[in-house]
Amino acid sequence: DVPRLGLGTMALTGRGTWGDPPDPAAARALLRRAAELGVALFDTADSYGPETAERLLREALHPYDGLLIATKGGFRRRGPHEWEADCRPESLRAACEGSLRRLGLERIDLYQLHLVDEGVPVEESIGALRDLQRQGKIRDIGVCNVGEGELARARATAEIVSVQNRFSLVEQRSRPVLERCERDGLAFIAWAPPGKGFLASSTGALAS
């Protein structure tokens, strides 16, 4: 069990989610302060940087006492703002091993498929995560950026405990998936809940 408010680490990297942040010490201080304030879920991914966010998490919070660390695999990075799907089983196995090393863990609490790769059946990708779970390298499996049909196919392959989709007051396309999670008792992790700054800006204020 964790409080409702978690912290995503995608923004703790350089511009374009590439490389180190301008002030790594400040990023580590932010992570520590979040934990002090009661945040217990920290969400990251091997592709943030790549590798940068996971490394910062370890430097700031290891050994993660009382914290749940969630990470993801499935994207390959080639430069700033460049994201390439790679959810082949061999790639996911390598990604998970890399995350274990960077995070300093023997088992990842929640490992998530970052997306559904159009070139790889979701059953194959989730099957690879199920095998890693059986090896004791993953405790729980989650999926990200999925529709209802993709979620159903993933759940037919392995036990899925969470879904992470974009959701906010101005982004409602995942409401059917959210309602499915509510009915079936799955955790729903909303990414970009403030609309990536839109809701906090003067031009993004919603009319009353």
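The following refers to the structure shown. Only a predicted model underlies this, so the values are computations on that prediction, with no experimental measurement involved.

Reading guide: rules and limits
- Think of each chain on its own: its residues are numbered from 1, step by step along the sequence as written.
- With pLDDT at 70 or above as the cut-off, local features in this predicted model cover only qualifying residues; side-chain atom pairs require 80 or more to be listed or tallied, and sums for whole chains, interfaces and linings still use all residues.
- Excluded from the side-chain calculations are hydrogens and water; all other atoms, namely the structure's heavy atoms, are used.
- Comment: elements are numbered from the N terminus, with helices defined as DSSP H or I runs of at least four residues and strands as E runs of at least two.
- Burial here depends on accessible area, computed with a 1.4 Å probe over protein chains only, as a share of the maximum for the residue type. Under 20% is buried, over 50% is exposed, and the range in between is partly exposed.
- The contact definition used throughout considers only heavy atoms, calling two residues in contact when any of these lie within 4.5 Å.
- In this scheme, a helix's expected span is set at 1.5 Å multiplied by one less than its residue total.
- Axis geometry follows a simple rule: fit a line to the C-alpha atoms, using only the stretch in contact for helices, then measure angles between N-to-C directions, giving values from 0 to 180 degrees.
- Any angle that is under 35 degrees is reported as roughly parallel, and any over 145 degrees as roughly antiparallel; angles of 65 to 115 degrees are reported as roughly perpendicular and all others as oblique.
- When residue character is reported, Ala, Val, Leu, Ile, Met, Phe, Trp, Tyr, Cys and Pro are called nonpolar, Asp, Glu, Lys and Arg charged, and the others, Gly included, polar.
- One requirement defines pairing of two strands: DSSP has to find at least two bridges between them.
- A clockwise path from the first strand over the helix to the second, with the strands pointing away from the viewer, defines a right-handed crossover.

Here we take up the environment of Glu 54. Looking at where Glu 54 falls in the secondary structure, it is placed in helix α2 (residues 52–61). Here Glu 54 falls in the buried class, since its relative accessible area comes to 0%. Glu 54 sits 47 residues away from Arg 101 along the chain, and the two C-alpha atoms are 9.6 Å apart. If sequence neighbours within four positions are ignored, Glu 54 has contacts with Thr 44, Ala 45, Asp 46, Thr 71, Ser 99, Arg 102 and Leu 103.

Tracing the chain through its elements places Arg 93 in helix α3 (residues 89–103). Among the residues examined, Arg 93 registers a relative accessible area of 37% and is labelled partly exposed. Along the primary structure Arg 93 and Leu 129 are separated by 36 residues, whereas in three dimensions their C-alpha atoms are 7.6 Å apart. When sequence neighbours within four positions are dropped, the list of residues in contact with Arg 93 reads Ala 128 and Leu 132.

The end-to-end C-alpha separation of helix α4 (residues 122–134) is 18 Å, in line with the 18 Å expected for 13 residues at 1.5 Å each. Along α4, the positions that sit buried rather than exposed are Val 122, Ser 125, Ile 126, Gly 127, Ala 128, Leu 129 and Leu 132. If you follow the buried residues of α4, they end up packed against α3, β6 (108–113), β7 (138–144), α5 (148–157) and β8 (160–166). Of the residues trailing α4, Gly 136 is marked for its positive phi of about 85°.

Quick look at the packing of α2 against α3 now. Two numbers describe a pair of packed helices, the interaxial angle and the distance between the axes. Between α2 and α3, the shortest axis-to-axis distance is 8 Å and the interhelical angle comes to 30°. Between α2 and α3, the angle falls in the class roughly parallel. Contacts between α2 and α3 involve Glu 54, Leu 57 and Arg 58 on the former and, on the latter, Ser 99, Arg 101, Arg 102 and Leu 103. Residue composition of the contact of α2 with α3, grouped by class: 2 nonpolar, 1 polar and 4 charged.

Within β8, 5 of the 7 residues are buried, which leaves it mostly tucked inside the rest of the structure. Bridge count between β7 and β8: 4 bridges; the pairing is parallel. Directly across from Val 143, in β8, lies its bridge partner Val 163. As a crossover connection, the stretch from β7 through α5 into β8 is right-handed. Here β8 pairs with strand β9 (residues 187–191) via 5 bridges, running parallel. Looking at the pairing, Asn 165 lines up with Ala 190 of β9. Note on the crossover from β8 through helix α6 (residues 175–184) to β9: the handedness is right-handed.

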